[in-house]
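So you can see what is in the structure, the chains are spelled out below.
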Amino acid sequence: MTGTGRAGVGWWLLILPAFALLLAFYIAPIVQVLAISVTDPEPGLGNYERIFTSGAVQRVILTTLRICAITTVLALLLGYAIAYAITLASPRARGWWVLAVLVPLWISVLVRAFAWVTLLRRQGLVNNTLMNAGMISEPLPLVWNEFGIIVGMVHYMVPFAVLPMLASMREIDPRLLAAARGLGATRFEVFRRVFLPLSMPGIIAAGVLVFIFSLGFYITPAILGGGKTLMVAEWISLQILDLIRWGLGTMMATMLVVAILVTLAVFSRVVDLRRIFGAGG
Amino acid sequence: MDGTYRPGTVGRGLAWATAAYLVLPILIILPVALTDQRYLSLPEDGISFQHFRTVLTSPEWLGSIWQSFTIAVAATVLSVTAGTLCAIGCWRISRRATELIRVLMLLPLIIPSIVYAIGLYRYFGPLGLLDRFLGVVIAHGVTGIPYVVITVSTALATFDPRLEQAARGMGASLSQTLRWVILPRIAPGIFSGAIFAFIHSWDELVMVLFIASRDVFTLPRRIWDGINENLDPAMAAVAVLLILFTLLLLMADRALRRRSEG
């Protein structure tokens, strides 16, 4: 399908605007700013040394990894239940299930964080309802802590977990399940020995996707963490906007990008990224 | 599926609970926006539209809505133009030769926007693009390109390349082939990409926090300030309006897809 001669050049020219825009206004700013991590305040790897010497830096990294791991596990569990229900639903019910996944996906992340604040804060709907019902005497600390962050993040990530798992579950031949049942397997055995292993590629793809999206997540943790529980994205913003410590901020940004690219590279055999995003779009 | 195998009670229960967890918190905003109280709460003595009135008569909110809208339209034009041409080029040239470009296109979807935002903060300073309409349009437009490339590539996957070869064989120039043969066939994919690129810009906050401050004050930026400073029912009204707008866009997308399929 290679174009030849003048026509070939024409096709390449079509790619040029997007390529030039990405190079000049996407790649260049990122490379330039990441380079600051080895030049500011002085040339060298001093900023990276802080990973091993600074307790604050380590705390942020550990908090982020812990929250991301919990978020990924919960999003996979809940997303799996939904994807499983969609796969086995009747065509009419399937439309409604898919809607329940896609509508939250496209609603502004700010609106969703706002909804959680409304529900979970001290005088929020959940605490008020529980107090009026006499079930608690003191408001529960539901938000502006790690719990609030995880509730909001899992809510954001479940749709991203569902889509790759759904894509892989749709390839499972339903006759296999019926056959296993017919051969005397219990419902649980069919799930554990037939359905679950066959859906494993989808679970891994979903896990990678949710984990890398969680690592650099800014808005929801910033709103629901209330400035007390810091994850890397908010920490980077704090270093740069408030403390003007460019070297430290860009060091963490570099680590973030490296962590994401390494995760993708490790799983690139199992995960076809383009297919995931194709399914998501 | 043929109905011989259905999920068990545990699976179904968990799926319903998850669906409720996904949808109910979003729905709860509607009664809160209709509250008759002056603080965030459910309506007590009756519903009231006062908070919608507050938002729709406030010059600040209307100004931000208008600014976000014009930025999103301009950014969408940029993303759709560059993205569509790029997808067509990649489709026609061999896969291997365009591998680098395809990988490049995925980067904005993978790299966290905080990293890009601090990059722009530094990069736009000397260019005089900080706190400028053009600066935000470029940032949103460039990061919107991948959405268009994906939807248009999906549309092109079902397009028979022999049609294009036939047109060229009969003497059509490249631009004629594009205009009369390729573009009409992939129009639904382009519209879909445009809707996603628009939502991407319309909702974007992280970049705006860094590259805009006073003159450019988009809707997400105003909501962000509202959440952090004063939580009042007007915020819920804004949220409801935003949800309705998003649903409208998604319905437009669905209708377009259904028409192109049927």
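Quick notes on the rules
- Residues numbered from 1 in each chain as written.
- Chains lettered and ligands numbered in written order.
- Predicted model: local features only at pLDDT ≥ 70, side-chain atom pairs only at ≥ 80, totals over all residues.
- Heavy atoms only, no water.
- Helix = DSSP H or I, 4+ residues; strand = E, 2+ residues; numbered from the N terminus.
- Buried < 20%, exposed > 50% of the residue type's maximum accessible area, 1.4 Å probe, protein only.
- Contact = heavy atoms within 4.5 Å.
- Areas by Shrake-Rupley, 256 points an atom, 1.4 Å probe, with all protein chains shown as cover.
- Lys, Arg positive; Asp, Glu negative; His and termini not counted.
- Charge placed at Lys NZ, Arg CZ, Asp CG, Glu CD.
- UniProt positions renumbered as here; feature names shortened; annotations may be inferred.
- Salt bridge = Lys/Arg side-chain N within 4 Å of Asp/Glu carboxyl O.
- Buried area = accessible area lost by both parts, 1.4 Å probe.
- Polar contact = N/O pair within 3.5 Å; in protein donor to acceptor, adjacent residues only side chain to side chain.
- Nonpolar A, V, L, I, M, F, W, Y, C, P; charged D, E, K, R; others polar.
- Expected span 1.5 Å × (residues − 1).
- Domains from an automatic or database assignment.
- pLDDT = per-residue confidence, 0-100.

Description of the overall build of chain A
Part 1 of the reasoning: Helices and strands together make up the secondary structure of chain A, namely 14 helices and zero strands.
Part 2 of the reasoning: Secondary structure elements of chain A occur, N-terminal to C-terminal, as α-α-α-α-α-α-α-α-α-α-α-α-α-α.
Part 3 of the reasoning: Based on the C-alpha atoms only, the size of chain A along its principal axes is roughly 75 × 70 × 35 Å.
Part 4 of the reasoning: Taken over 281 residues, chain A has a buried fraction of 54%.
Part 5 of the reasoning: Intrachain contacts of chain A at a sequence separation of at least 6 include 70% that bridge at least 24 residues.

Concerning the overall build of chain B
Part 1 of the reasoning: Check the secondary structure of chain B and you find 12 helices and zero strands.
Part 2 of the reasoning: Seen in sequence order, chain B has helices and strands lined up from the N terminus as α-α-α-α-α-α-α-α-α-α-α-α.
Part 3 of the reasoning: Seen through its principal axes, chain B has C-alpha atoms that stretch 75 × 65 × 30 Å.
Part 4 of the reasoning: In chain B, which comprises 262 residues, the share counted as buried stands at 53%.
Part 5 of the reasoning: Counting only contacts in chain B whose residues sit at least 6 apart along the sequence, the fraction spanning at least 24 positions is 70%.
Part 6 of the reasoning: Of the accessible surface of chain B, which amounts to about 12000 Å², a share of 63% is contributed by carbon and sulfur atoms.
Part 7 of the reasoning: The distance from the centre of the 21 positive side-chain charges to the centre of the 17 negative ones in chain B is 13 Å.

Some words on the UniProt feature "domain: ABC transmembrane type-1" (unreviewed entry) in chain B
Part 1 of the reasoning: When the UniProt feature table is mapped onto this chain, "domain: ABC transmembrane type-1" (unreviewed entry) is found at residues 65-253 of chain B.
Part 2 of the reasoning: Between the C-alpha atoms that bound residues 65-253 of chain B there is a distance of 22 Å. The span itself is 83% helix and 0% strand.

Considerations on the pattern of salt bridges
Residues and elements named next belong to chain A.
Part 1 of the reasoning: Counting across every chain of the model gives five salt bridges over all chains.
Part 2 of the reasoning: As a salt-bridge pair, Glu146 and Arg66 come within 2.8 Å of each other at their nearest N and O atoms. Of this pair, Glu146 sits in helix H7 (residues 146-169) while Arg66 is found in helix H3 (residues 55-88), placing the two residues 80 residues apart along the sequence.
Part 3 of the reasoning: Among the residues examined, Glu146 registers a relative accessible area of 22% and is labelled partly exposed.
Part 4 of the reasoning: The class of Arg66 is partly exposed, set by a relative accessible area of 41%.

Looking at the interface of chain B and chain A
How big an interface is tends to be stated in terms of the accessible area lost upon association of its parts.
Part 1 of the reasoning: At the interface, 96 residues of chain B touch 94 residues of chain A.
Part 2 of the reasoning: Of the roughly 8800 Å² buried where chain B meets chain A, counting both sides, 81% is carbon and sulfur surface.
Part 3 of the reasoning: Applying the counting rule to chain B against chain A returns zero salt bridges.
Part 4 of the reasoning: Taken together, the connections running from chain B to chain A amount to six residue pairs in polar contact (both at pLDDT 80 or more).
Part 5 of the reasoning: Classifying every residue of the side of chain B that touches chain A by side-chain character gives 73 nonpolar, 12 polar and 11 charged.

Notes on the UniProt feature "domain: ABC transmembrane type-1" (unreviewed entry) in chain A
Part 1 of the reasoning: In the numbering used here, UniProt assigns the feature "domain: ABC transmembrane type-1" (unreviewed entry) to residues 61-267 of chain A.
Part 2 of the reasoning: Measuring from the first to the last C-alpha atom of residues 61-267 of chain A gives 22 Å, for a span that is 80% helix and 0% strand.

Brief notes about the UniProt feature "transmembrane region" (unreviewed entry) in chain A
Residues and elements named next belong to chain A.
Part 1 of the reasoning: With numbering aligned to this structure, UniProt lists the feature "transmembrane region" (unreviewed entry) at residues 12-36, 56-83, 95-117, 147-167, 202-224 and 244-267.
Part 2 of the reasoning: The span residues 147-167 is 100% helix and 0% strand, and its two end C-alpha atoms sit 31 Å from each other.
Part 3 of the reasoning: Helix makes up 87% of residues 202-224 and strand 0%, whereas the separation of the span's terminal C-alpha atoms amounts to 30 Å.

Things to note about the environment of Ile219 of chain A
Part 1 of the reasoning: Looking at where Ile219 of chain A falls in the secondary structure, it is placed in helix H11 (residues 219-225).
Part 2 of the reasoning: Other than its neighbours up to four places away in sequence, Ile219 of chain A contacts Val109 and Leu110 of chain A together with Leu205, Val206 and Trp224 of chain B.

Details of helix H7 (residues 133-157) of chain B
Part 1 of the reasoning: The first and last C-alpha atoms of H7 of chain B sit 36 Å apart over 25 residues, in line with the 36 Å expected at 1.5 Å per residue.
Part 2 of the reasoning: By the criterion of burial, H7 of chain B is predominantly enclosed, with 19 of the 25 residues buried.

Focus on the domain arrangement of chain A
All names here are of chain A.
Part 1 of the reasoning: Assigned domains within chain A: domain 1 (1-38) and domain 2 (53-280).
Part 2 of the reasoning: Here domain 1 and domain 2 have C-alpha centroids that lie 32 Å from each other.
Part 3 of the reasoning: Taken together, the four residues of domain 1 in the interface contact seven residues of domain 2.
Part 4 of the reasoning: Buried area between domain 1 and domain 2, summed over both chains or domains, comes out near 430 Å², and the portion from carbon and sulfur atoms is 79%.
Part 5 of the reasoning: The largest per-residue losses of area from domain 1 upon contact with domain 2 belong to Leu34, Ile36 and Ser37, which jointly make up 82% of the total buried on that side.
Part 6 of the reasoning: For the pair domain 1 and domain 2, the number of links is zero salt bridges.

Section: the confidence of the model for chain A
Detailed conclusions should not be drawn from predicted coordinates in areas where pLDDT is low.
Part 1 of the reasoning: Confidence in the prediction for chain A averages 89 pLDDT; 93% of positions are at 70 or higher.
Part 2 of the reasoning: Low pLDDT (under 50) marks residues 1-5 of chain A, which in the prediction has six contacts with non-local residues, meaning those over four places away or in another chain.

Some thoughts on the UniProt feature "transmembrane region" (unreviewed entry) in chain B
Residue and element names in this part refer to chain B.
Part 1 of the reasoning: In the numbering adopted here, UniProt assigns the feature "transmembrane region" (unreviewed entry) to residues 14-34, 65-91, 103-124, 136-159, 180-199 and 234-252.
Part 2 of the reasoning: For residues 14-34, the end-to-end C-alpha separation is 31 Å, with 90% helix and 0% strand making up the annotated structure.
Part 3 of the reasoning: Structurally, residues 234-252 is divided into 100% helix and 0% strand, and its ends, taken at the C-alpha atoms, are 27 Å apart.

Re unusual backbone geometry
All names here are of chain A.
Part 1 of the reasoning: With an omega dihedral of 0°, the bond running from Asp40 to Pro41 counts as a cis peptide bond.
Part 2 of the reasoning: Tracing the chain through its elements places Pro41 in the loop between helix H1 (5-35) and helix H2 (46-53).
Part 3 of the reasoning: Its identity is not glycine, yet Trp144 carries a phi of approximately 65°, on the positive side.
Part 4 of the reasoning: Within the secondary structure, Trp144 is located in the loop between helix H6 (125-132) and H7.
Part 5 of the reasoning: Within the chain, Ile244 stands out as a residue other than glycine whose phi angle is a positive 50°.
Part 6 of the reasoning: With relative accessibility at 55%, the residue Ile244 sits in the exposed group.

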